[in-house]
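A look at the structure
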Amino acid sequence: MILIDGKKVAAELREELKHEVTGLKAKYNKVPGLTVILIGDLTPSQIYVRNKEKSANEVGLKSEVIKYPDSVEEKTVLEKIEELNKDETVSGILVQLPLPKHIDKQKVIETIIPSKDVDGFHPMNVGNLSSGYESSVPCTPLGCYLLIKKVEPNLNGKKAVIVGRSNLNGKPMTQLLLKENCTVTITHSKTKDLKAECLEADIIVAAVGIPELVKGDWVRKDTIVIDVGINKTDKGIVGDVDFDEVSKKAKALTPVPGGVGPMTIACLLKNTIECFKRSQI
Ligand code: NAD
């Protein structure tokens, strides 16, 4: 079984990006800039943002975090986004989710100009991705895609089963694999026989939020399994895949932690650099 080392692949990607930033600095005499807006004091969000800032600095991006208290008015946040949209030193804007209830998430997402939408959540980027045009791609599915390609560079004709249909993970994952000529089945909470669907798969991507849902007898010995889940349980953090069972069966599997997670941040940096490059044309 191949244990897909997301930490290692993410470190390699960051190294590549660092070189790329050095080249961009030499060419344009400026570096890509990432601005993150953090609202409130949720501990996981603070940790994510701190890690994003640290990684951005490591690869040589200009990074900035703008913090607001939970009580901030929606109007203040939207005005700040409008200001950042016009700021030439800002290549990418990310508003850390979740947001306090009084702030409309969709309004925030749609206020970010699509060319700086490093999360790939703006409807324009969602549409471009599904139409096969250039777009920012949500960071987690992009990370999954890069991990799959490490194990199997040619995905032509492969059967992929995506478990979970969220806008964040399942749906963009589907589009990325369709582009690679996979035959993609997207499954969800109303799917009748999930095990039978998974047994058909050359590739399974599980993004559900249910601890250890995908079992050993759901996979074949030639299946590549990508586990997006991050679930807090009594035995610690586990994924959506039963690691002990599936690791004895599958061709390749990502661990949790240390699989998809590290790729998400590396892909955010990649997206910021892509936004910068597109803005220089
Ligand atoms: P979500 O709650 O938005 O979507 C879950 C999806 O799973 C839904 O489409 C639902 O239909 C489907 N689902 C629910 N029960 C099901 C069942 N029994 N069988 C099949 N499908 C079922 O979740 P999300 O935002 O996509 O996140 C999924 C998981 O990924 C969570 O554990 C989350 O913490 C994790 N996550 C990890 C990263 C990372 O960087 N590794 C990033 C984002 C999310």
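Section: the site of the ligand
Around the ligand, the structure places 21 residues, and the nearest of them are R165, S166, N169, V228 and T264. The separation between a nitrogen atom of the ligand and a polar main-chain atom of V228 is 3.3 Å. Within the side chain of T264, a nitrogen or oxygen atom sits 2.8 Å from an oxygen atom of the ligand. Its free accessible area being 860 Å², the ligand has 71% of it covered by the protein chains. Here the shell around the ligand takes three residues from helix α10 (residues 260-279), the largest share from any one element. Here the shell around the ligand is composed, by residue class, of nine nonpolar, eleven polar and one charged.

Regarding helix α3 (residues 74-86)
An α-helical turn contains 3.6 residues, so a residue and the one three or four places further along point in the same direction. An ideal rise of 1.5 Å per residue puts 18 Å on 13 residues; α3 measures up with 19 Å between its terminal C-alpha atoms. Of the positions making up α3, those classed as buried are E74, V77, L78, K80, I81, L84 and N85. Buried positions in α3, seen along its axis, are confined to an arc of 160° and lie on one side of it. The outward face of α3, more than 90 degrees from its buried face, is lined by the exposed residues K75 and K86. If you follow the buried residues of α3, they end up packed against β2 (33-39), β3 (62-68), β4 (92-95) and α4 (105-111).

Some thoughts on the layout of surface pockets
Quantified by volume, the second largest pocket comes out at close to 410 Å³. Surrounding the second largest pocket, 26 residues form its lining, V90, S91, K116, C275 and S279 being those nearest its centre. Among the elements of the structure, α3, α5 (123-131) and α10 are those that each provide at least two residues to the lining of the second largest pocket. No other element matches α10, which puts four residues into the lining of the second largest pocket. Of the residues that constitute the lining of the second largest pocket, the class distribution is seven nonpolar, eleven polar and eight charged.

What about the environment of E12?
Looking at the element boundaries, E12 is found in helix α1 (residues 6-28). Spatially, the C-alpha atom of E12 lies 28 Å from that of A201, the residues being 189 residues apart in sequence.

Let's talk about the sheet that holds β2
The strand order across the open sheet formed by three strands is β3-β2-β4, and the pairing between neighbours is parallel. Edge positions in the sheet fall to β3 and β4, since each of these pairs with one other strand and no more. Taken over all neighbouring pairs, the strand axes of this sheet differ in orientation by 15° on average, direction set aside. With four bridges joining them, β2 and β4 adopt parallel strand pairing. Note on β4: the bridge partner recorded for I37 is V95.

Here's the deal with the packing of helix α6 (residues 139-151) against helix α7 (residues 170-179)
Remark: α6 packs on α7, axes separated minimally by 9 Å, with the N-to-C direction vectors making an angle of 40°. Between α6 and α7 lies a crossing of right-handed hand. Taking contact as the criterion, the partners of P141, L142, C144, Y145 and I148 in α6 are, on α7, P172, M173, L176 and L177. For the contact of α6 with α7, the per-class residue count stands at nine nonpolar, no polar and no charged.

Some remarks on the pattern of salt bridges
On inspection of all chains with the given rule, the structure shows 16 salt bridges. K149 is paired through a salt bridge with E180; the nearest N and O atoms lie 2.9 Å apart. Of this pair, K149 sits in helix α6 while E180 sits in the loop between α7 and β6 (183-187), placing them 31 residues apart in sequence. On the basis of relative accessibility, which here comes to 24%, the residue K149 falls in the partly exposed class. Here D202 and R220 are joined by a salt bridge, their closest N and O atoms 2.9 Å apart. Pair noted here: D202 is in the loop between α8 (194-199) and β7 (203-206) and R220 is in the loop between β7 and β8 (224-227), with a separation of 18 residues, a long-range link. When its relative accessible area of 18% is taken as the criterion, D202 is described as buried. A cluster of three or more residues bridged by salt bridges with shared partners is formed by K8, E12 and K150.

Rules and cut-offs
Residues numbered from 1 in each chain as written. Predicted model: local features only at pLDDT ≥ 70, side-chain atom pairs only at ≥ 80, totals over all residues. Heavy atoms only, no water. Near = heavy atom within 4 Å. Polar contact = N/O pair within 3.5 Å; in protein donor to acceptor, adjacent residues only side chain to side chain. Areas by Shrake-Rupley, 256 points an atom, 1.4 Å probe, with all protein chains shown as cover. Helix = DSSP H or I, 4+ residues; strand = E, 2+ residues; numbered from the N terminus. Nonpolar A, V, L, I, M, F, W, Y, C, P; charged D, E, K, R; others polar. Expected span 1.5 Å × (residues − 1). Buried < 20%, exposed > 50% of the residue type's maximum accessible area, 1.4 Å probe, protein only. Arc of directions from axis to C-beta. Contact = heavy atoms within 4.5 Å. 1 Å grid on protein atoms, 1.4 Å probe; cavity = no way out; pocket = protein on both sides within 12 Å on 5 of 7 lines; lining within 4 Å. Points joined across faces, edges and corners; volume = space filled by probe spheres on them. Pairing = 2+ DSSP bridges. Axes fitted to C-alpha atoms, helices over the stretch in contact; angles between N-to-C directions. Left-handed = near helix turned anticlockwise from the far one by under 90°. Salt bridge = Lys/Arg side-chain N within 4 Å of Asp/Glu carboxyl O.

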